[in-house]
Amino acid sequence: MSFGSYRNLILFGIIFGSFIPARGQEGKWVAPPWADTLRNEVPVSKETISEGHSVYSRICAQCHGYLGRGDGPVSGTLKVKPANHSTLDVQRQSDGAIFWKISEGRGAMAPYKTALTTRQRWMLVNYIRTLKAE
C-alpha cells in the first residue's frame with residue numbers, strides 16, 4: 001500500500017469516524033479474553049522495532065502522537081481521546097490484546113486488519129512496547 005493510500009485511510013477514519021456515535025465507548029476499551037491467547041509471531045529485535053516505528057509514524061502518530069502519548073496533531077478533533085501508549089494501563093495489556101485492538105479498531109480508530117499485514121500489526125505491538133513512560 002502506498003503512502004497516499006495510508007494517508008487516505010487515516011483521513012477516512014478521522015472524517016467518518018467522527019460521525020460514528022460514541023455508543024459503547026463510555027468505558028474502558030477491553031479486548032475479549034480470547035485475545036490474550038494470541039501470541040506475537042514476530043520476534044522482538046532492533047529490525048522489527050524499527051519497522052514497527054516506521055509503520056507507527058505513518059499510520060498511528062497522527063492520532064496517538066509521535067511518542068505515543070495520545071497527543072497527535074489530529075487528536076484534539078476526536079470525540080474520544082486516543083490512547084496514551086506509554087501508560088501502565090496500555091503496557092500491562094497482553095500483546096494479543098493490543099494486536100486485537102489494532103486489528104479491529106473502535107470509533108474513529110480504523111480497523112487495520114486489512115490495511116496492514118499481520119506482520120506489520122505485530123511489529124506495531126513490538127514498537128508500542130518501547131513507549132513506556134519514563
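Above this text you will find the structure in question.
Report follows, based on the coordinates.

What counts, and where the lines are drawn
- Residues numbered from 1 in each chain as written.
- Predicted model: local features only at pLDDT ≥ 70, side-chain atom pairs only at ≥ 80, totals over all residues.
- Heavy atoms only, no water.
- Helix = DSSP H or I, 4+ residues; strand = E, 2+ residues; numbered from the N terminus.
- Buried < 20%, exposed > 50% of the residue type's maximum accessible area, 1.4 Å probe, protein only.
- Contact = heavy atoms within 4.5 Å.
- Areas by Shrake-Rupley, 256 points an atom, 1.4 Å probe, with all protein chains shown as cover.
- Phe/Tyr/Trp six-rings, centres within 6.5 Å; stacked < 30°, edge-to-face > 60°.

**What to know about the overall build of the chain**
Of the regular secondary structure elements, the chain holds six helices and zero strands. Each helix and strand of the chain, ordered N terminal to C terminal, gives the series α-α-α-α-α-α. With 134 residues in all, the chain has 41% of them scored as buried. Residue pairs in contact within the chain that sit at least 24 positions apart in sequence constitute 63% of those at least 6 positions apart. Counting only carbon and sulfur atoms, one obtains 60% of the accessible surface of the chain, whose full area is about 7,700 Å².

**Comments concerning helix α6 (residues 118-128)**
Here α6 lies mainly inside the structure; nine of its eleven residues are buried. What α6 keeps buried is the set Q120, R121, W122, M123, L124, V125, N126, Y127 and I128.

**Points about the packing of aromatic side chains**
Under the counting rule described, the total for this entry stands at three aromatic pairs. Note on F99 and W122: the rings are 4.0 Å apart at their centroids and 10 degrees apart in plane angle, and the pair reads as stacked. With F99 in helix α5 (residues 95-104) and W122 in helix α6, the pair connects residues that are 23 residues apart, well separated along the chain. Judged by its relative accessible area of 9%, F99 is buried.

Functional significance is not addressed by these values, which are geometric in nature.
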